[in-house]
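# Inside the fold
Chain by chain, the residues:
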Amino acid sequence: DQQVKQNSPSLSVQEGRISILNCDYTNSMFDYFLWYKKYPAEGPTFLISISSIKDKNEDGRFTVFLNKSAKHLSLHIVPSQPGDSAVYFCAASLQGGSEKLVFGKGTKLTVNP
Amino acid sequence: DTGVSQDPRHKITKRGQNVTFRCDPISEHNRLYWYRQTLGQGPEFLTYFQNEAQLEKSRLLSDRFSAERPKGSFSTLEIQRTEQGDSAMYLCASSPTNTGELFFGEGSRLTVL
């Protein structure tokens, strides 16, 4: 039972345009959401996060939006750069202090020059 | 380099053999995590330590798997009697807080023949 779903395995965008990566979750007990970026042969790197009490968090070119009623979050990258090409993982954590992160399968983003 | 380091980076073994992976976290981080990632999947939580105490374990961590963190510094993950299904990337991460912002190592890739 996949609790965090990234339904698009891949996404291709042109440099300078907006990249939108989507993530859906099924467990309403999740209260904290994160995005990680992974380059080949490297471990995942934390990118941005959002608490369930917020609906938006912005950090430079990266913005995460959370729609709790739809159990949906998205990561916007604008403008996209070739160096953003990587696999992006959505992750969620449960209420109650569990240290476990539940990850989606990832979306491979390719930004074309 | 003061990031999370893992050793070995690659391990090829025959089915039935035991293997051990080591993780050295960022020195000031008291939280240490092990995750497993298979092809096409996101990282899956295995276990978590706070200092030397193992506080959370996934049901994925069968009795063939054991993790330790003596003295609250480095950690080891041992897999006994390896099976082909154990083939995966084993990721270690550390964190100074409980916000889910993990610092991952580059991983140890296990191939069981």
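This section reports on the structure supplied with the text. (Residues numbered from 1 in each chain as written. Chains lettered and ligands numbered in written order. Predicted model: local features only at pLDDT ≥ 70, side-chain atom pairs only at ≥ 80, totals over all residues. Heavy atoms only, no water.)

On to the overall build of chain B. Looking only at helices and strands, chain B has zero helices and eleven strands in total. Counting from the amino terminus, chain B carries its helices and strands in the arrangement β-β-β-β-β-β-β-β-β-β-β. Scaling as 2.2 N^0.38, a compact globule of 113 residues should have a C-alpha radius of gyration of about 13 Å, and chain B matches this with 13 Å. Taken along the three principal axes of its C-alpha coordinates, chain B extends 35 × 25 × 25 Å. In chain B, which comprises 113 residues, the share counted as buried stands at 45%. For chain B, restricting intrachain contacts to residue pairs at least 6 apart in sequence, the fraction spanning at least 24 positions comes to 52%. Carbon and sulfur atoms make up 44% of the accessible area of chain B, which amounts to about 5,800 Å² in all. (Helix = DSSP H or I, 4+ residues; strand = E, 2+ residues; numbered from the N terminus. Rg over C-alpha atoms; globule rule 2.2 N^0.38 Å. Buried < 20%, exposed > 50% of the residue type's maximum accessible area, 1.4 Å probe, protein only. Contact = heavy atoms within 4.5 Å. Areas by Shrake-Rupley, 256 points an atom, 1.4 Å probe, with all protein chains shown as cover.)

Looking now at the interface of chain A and chain B. Of the residues lining the interface, 18 residues belong to chain A; the matching set on chain B comes to 21 residues. Taken together, both faces of the contact between chain A and chain B bury some 1,500 Å²; the carbon and sulfur share is 55%. Area buried by chain A at its contact with chain B is led by A:P44, A:E99 and A:F103, which between them contribute 37% of it. Inspection of the region where chain A meets chain B yields zero salt bridges. Across the chain A-chain B interface, the total number found is two residue pairs in polar contact (both at pLDDT 80 or more). Examining the composition of the side of chain A that touches chain B, we find that four residues originate from one element, strand β4 (residues 30-38) of chain A, more than from any other. Looking at side-chain class alone, the side of chain A that touches chain B contains nine nonpolar, four polar and five charged residues. (Buried area = accessible area lost by both parts, 1.4 Å probe. Salt bridge = Lys/Arg side-chain N within 4 Å of Asp/Glu carboxyl O. Polar contact = N/O pair within 3.5 Å; in protein donor to acceptor, adjacent residues only side chain to side chain. Nonpolar A, V, L, I, M, F, W, Y, C, P; charged D, E, K, R; others polar.)

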